Amino acid sequence: MPVEEELYVLAPGEGEGDTEGWVSPQPIEEGVTAAVTAETDLGADDLDDVSEYVELDDIEALLAGEGDDESLSFTVEGHDVVVEASGHVRVDED
């Protein structure tokens, strides 16, 4: 099923760490980019569209609560990215 609307996730606010401060809803593209660039030495220009790394239908199903999964993991330029069913995005340490 194709994604019919913009997917939003929760990512750290600009200038805030992922363990403190506020989070803000962002389109999946911005949220994953913010999480990866905050936790790695990669820049936004180093990343492809999120759909190159993971099926957006799978993220949509996770966020909609379809199935039993509590998170979805995928690799972005050698870094493990986790999207939780709550919408939070994090980059796991290697």
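Before reading on, note that the structure itself is shown above.
Below or above, wherever it landed, is the structure these notes cover. For clarity, every value in this text was computed on a predicted model and none was experimentally measured.

## Overview of the overall build of the protein chain
Here is step 1: Assigned secondary structure in the protein chain consists of two helices and five strands.
Here is step 2: Evaluated residue by residue, the protein chain yields a buried proportion of 36% over its 94 residues.
Here is step 3: A sequence separation of at least 24 residues applies to 32% of the contacts in the protein chain between residues at least 6 apart.
Here is step 4: Of the roughly 5800 Å² of accessible surface on the protein chain, a fraction of 40% belongs to carbon and sulfur atoms.

## A few points about helix α1 (residues 28-39)
Here is step 1: The end-to-end C-alpha separation of α1 is 17 Å, in line with the 16 Å expected for twelve residues at 1.5 Å each.
Here is step 2: Every buried residue belonging to α1 is among Ile28, Gly31, Val32, Thr33, Ala35 and Val36, and all of these are buried.

## Here's the deal with the pattern of salt bridges
Here is step 1: A complete count under the given rule lists two salt bridges for this structure.
Here is step 2: Across the pair Arg90 and Glu84 runs a salt bridge whose closest N-O atoms are separated by 2.4 Å.
Here is step 3: Put simply, Asp92 and Arg90 hold a salt bridge, and the shortest N to O gap is 2.9 Å.
Here is step 4: A network of salt bridges, in which partner residues are shared, links Glu84, Arg90 and Asp92.

## Quick word on unusual backbone geometry
Here is step 1: For Glu77, which is not a glycine, the phi torsion comes out positive at approximately 45°.
Here is step 2: Position of Glu77 relative to the elements: it lies in the loop between β3 (71-76) and β4 (79-84).
Here is step 3: A relative accessible area of 39% places Glu77 in the partly exposed class.

## Here we look at helix α2 (residues 56-63)
Two residues of an α-helix separated by three or four positions point the same way, owing to the 3.6 residues in each turn.
Here is step 1: Among the residues making up α2, those that are buried are Ile59, Glu60, Ala61 and Leu62.
Here is step 2: Buried positions along α2 lie against α1, β3 and β4.
Here is step 3: Two residues or fewer after α2 comes Gly65, characterised by a positive phi angle close to 80°.

Calculation notes
- Residues numbered from 1 in each chain as written.
- Predicted model: local features only at pLDDT ≥ 70, side-chain atom pairs only at ≥ 80, totals over all residues.
- Heavy atoms only, no water.
- Helix = DSSP H or I, 4+ residues; strand = E, 2+ residues; numbered from the N terminus.
- Buried < 20%, exposed > 50% of the residue type's maximum accessible area, 1.4 Å probe, protein only.
- Contact = heavy atoms within 4.5 Å.
- Areas by Shrake-Rupley, 256 points an atom, 1.4 Å probe, with all protein chains shown as cover.
- Expected span 1.5 Å × (residues − 1).
- Salt bridge = Lys/Arg side-chain N within 4 Å of Asp/Glu carboxyl O.

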